[in-house]
Amino acid sequence: MRKRLLCVLLAALCLLAACQKAPKLVEFSTFAMNTFMSFTFYGEGETENQRVQDQMNVTLRRLDSLFSVNNECGDVNQINRSEGQRVEVDAPTAELLSRSLELCELTGGALDITAYPAVKAWGFTQEEHRVPSPEELAELAGKIDYTAVGLEGEWVTLPAGMELDLGAVAKGYAGDQLDRIVRDAGISSALLNLGQSTIVAVGTKPDGTPWRIGVTDPAQTAGYFAIVELRDMAMGTSGGYQRYFEQDGVTYWHILNPKTAAPAHSGVASVTVVAPSALVCDGLSTALFVMGLEEGTQFWRDHRELEFEAIFVTEAGAIYHTAGLTDRFFLAEGYEDREVTVLE
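Residues numbered from 1 in each chain as written. Predicted model: local features only at pLDDT ≥ 70, side-chain atom pairs only at ≥ 80, totals over all residues. Heavy atoms only, no water.

A.B. asks: Any chance you could explain the packing of helix α4 (residues 91-106) against helix α7 (residues 170-184) here in plain terms?
C.D. replies: When two helices pack together, their arrangement is given by the angle between the helix axes and by the axis-to-axis distance. Two numbers describe how α4 lies on α7: the axes approach to 11 Å, and their chain directions differ by 120°. Classed by the angle they form, the pair α4 and α7 counts as oblique. In the packing of α4 onto α7, the handedness of the crossing is right-handed. Note on element contacts: α7 touches α4 through A170, Y173 and D176, opposite P92, E95, L96 and R99. A class-by-class count of the residues in the contact of α4 with α7 yields four nonpolar, no polar and three charged. (Axes fitted to C-alpha atoms, helices over the stretch in contact; angles between N-to-C directions. Helix = DSSP H or I, 4+ residues; strand = E, 2+ residues; numbered from the N terminus. Parallel < 35°, antiparallel > 145°, perpendicular 65-115°, else oblique. Left-handed = near helix turned anticlockwise from the far one by under 90°. Contact = heavy atoms within 4.5 Å. Nonpolar A, V, L, I, M, F, W, Y, C, P; charged D, E, K, R; others polar.)

A.B. asks: Is there a simple way to explain the side chain of S277 in this structure?
C.D. replies: If you trace the backbone, S277 turns up in the loop between β15 (268-275) and α8 (278-291). Take S277: its relative accessible area is 13%, and that puts it in the buried class. In terms of polar contacts, S277 uses its side chain to reach the side chain of D176, at 2.9 Å. (Buried < 20%, exposed > 50% of the residue type's maximum accessible area, 1.4 Å probe, protein only. Polar contact = N/O pair within 3.5 Å; in protein donor to acceptor, adjacent residues only side chain to side chain.)

A.B. asks: Hey, could you run me through the sheet that holds strand β5 (residues 155-157) in this one?
C.D. replies: The strands that make up a sheet pair up through hydrogen bonds in the backbone, lying either parallel or antiparallel. If you walk across this open sheet you meet the three strands as β3-β5-β4, and the pairing is antiparallel. Of all the strands in the sheet, just β3 (87-88) and β4 (150-152) have a single pairing partner and so form its edges. As judged from the two bridges shared by β3 and β5, these two strands associate in the antiparallel manner. When the sheet's bridge partners are listed, V87 is paired in β5 with V156. (Pairing = 2+ DSSP bridges.)

A.B. asks: Looking at this structure, how should I read the nonpolar core?
C.D. replies: Within soluble globular proteins, side chains that are nonpolar generally end up buried alongside one another. Within the largest apolar cluster, 89 residues are counted, with the highest numbers of intra-cluster contacts made by F39, M56, F67, L192, L288 and F308. The contacts of L192, once residues within four sequence positions are left out, are S38, F39, M56, G175, L178, D179, V182, T198, I199 and V200. Residues W211, V313, A332 and Y335 belong to the second largest nonpolar core, which totals 19 residues. (Core = buried A, V, L, I, M, F, W, Y, C linked by side-chain atoms within 4.5 Å.)

A.B. asks: Explain the side chain of H321 to me, please; I cannot follow it from the model alone.
C.D. replies: Structurally, H321 can be placed in strand β17 (residues 319-322). With residues near it in sequence (within four places) discarded, H321 still touches A310, I311, T326, F329, V340, T341, V342 and L343.

A.B. asks: How do you make sense of α8 when you look at a structure like this?
C.D. replies: Its 14 residues give α8 an end-to-end C-alpha distance of 20 Å, which sits within 8% of 20 Å, the value for a rise of 1.5 Å per residue. Counting buried positions over the 14 residues of α8 gives 14, a clear majority of the element. Two or three places before L279, at the start of α8, stands the capping residue S277, its side-chain oxygen 3.2 Å from that residue's backbone nitrogen. Positive phi appears at G292, one or two residues downstream of α8, with a value of about 95°. (Expected span 1.5 Å × (residues − 1).)

A.B. asks: Is there a simple way to think about the pairing of β15 in this case?
C.D. replies: Side-chain positions along a regular strand alternate between the two faces of the sheet. Most of β15 sits inside the fold, with eight of its eight residues counted as buried. Here six bridges tie strand β10 (residues 233-239) to β15, and the two strands are oriented antiparallel to one another. Bridge pairing in β15 links A234 to A275. Here β15 pairs with strand β16 (residues 309-314) via six bridges, running antiparallel. Paired with S270 across the two strands is V313, which belongs to β16.

Structure below.
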């Protein structure tokens, strides 16, 4: 009797397994926020998968429109042209501004979303590069002050002569929104690549193994020096190699120190941050780049509430990572002999 019952149960299990459809792989790419993005997820049905893909695209288009400094109808552009007058913005813009200003305050201004006039002065917006004079830099630095941004609900006030740029946080915010769309659809396996420097891993691969993401070698950007395993985590990288120009033998990159309005030279070549939130990853990777290794490590020790880990590569090529990445960080092939220091 027991044997017959066992056979019936096994048959039922086999029938159930046969009826279950294997998740279908969906891959698509798009261009948004001035970068090429690619997405992978595993969904259950063709109709539902198409709905999710459409929703992701619509969300990206909307956020890109709101946050772009060049879109005359977008919120950020309207704020920058407001000449000190109050501007009513959409809910996503208000939310991003609120969270960004919190990060600006937490980092002591190492992240500052009002540095756009300096970014323009260096020519990084139109790729018409120039080196401003010391007098011009001093004037520009005086216009960088996140505390001057007024935010009350969905109303924003910015003093005349100042301008916002959400480029350091916009992709991270978008990544968090796409993460929510995917999860709300019941998808438990997805990799969202918002332009190499911003990655969101939803769950694991379908076989249960973690997503493995390469970390770019700032000295040889065609390759990666390390691999980080991600499960339900985001990752963001800021590096001087991403956008820069050279003049008279000097390299100038786009990550500016808000205090000087000039490229940040803190001794690091790149910073990678791993955290549950892509917005936190993007904002902190920029801030830690400005801070440098010592100050950035102390910030990590002092702000465990942000639940982030970090990887620092110095200009001399030394590699450091915080202790929480010990079981998730691996040197890539060809880099096995590099020394890695674990920050406690």
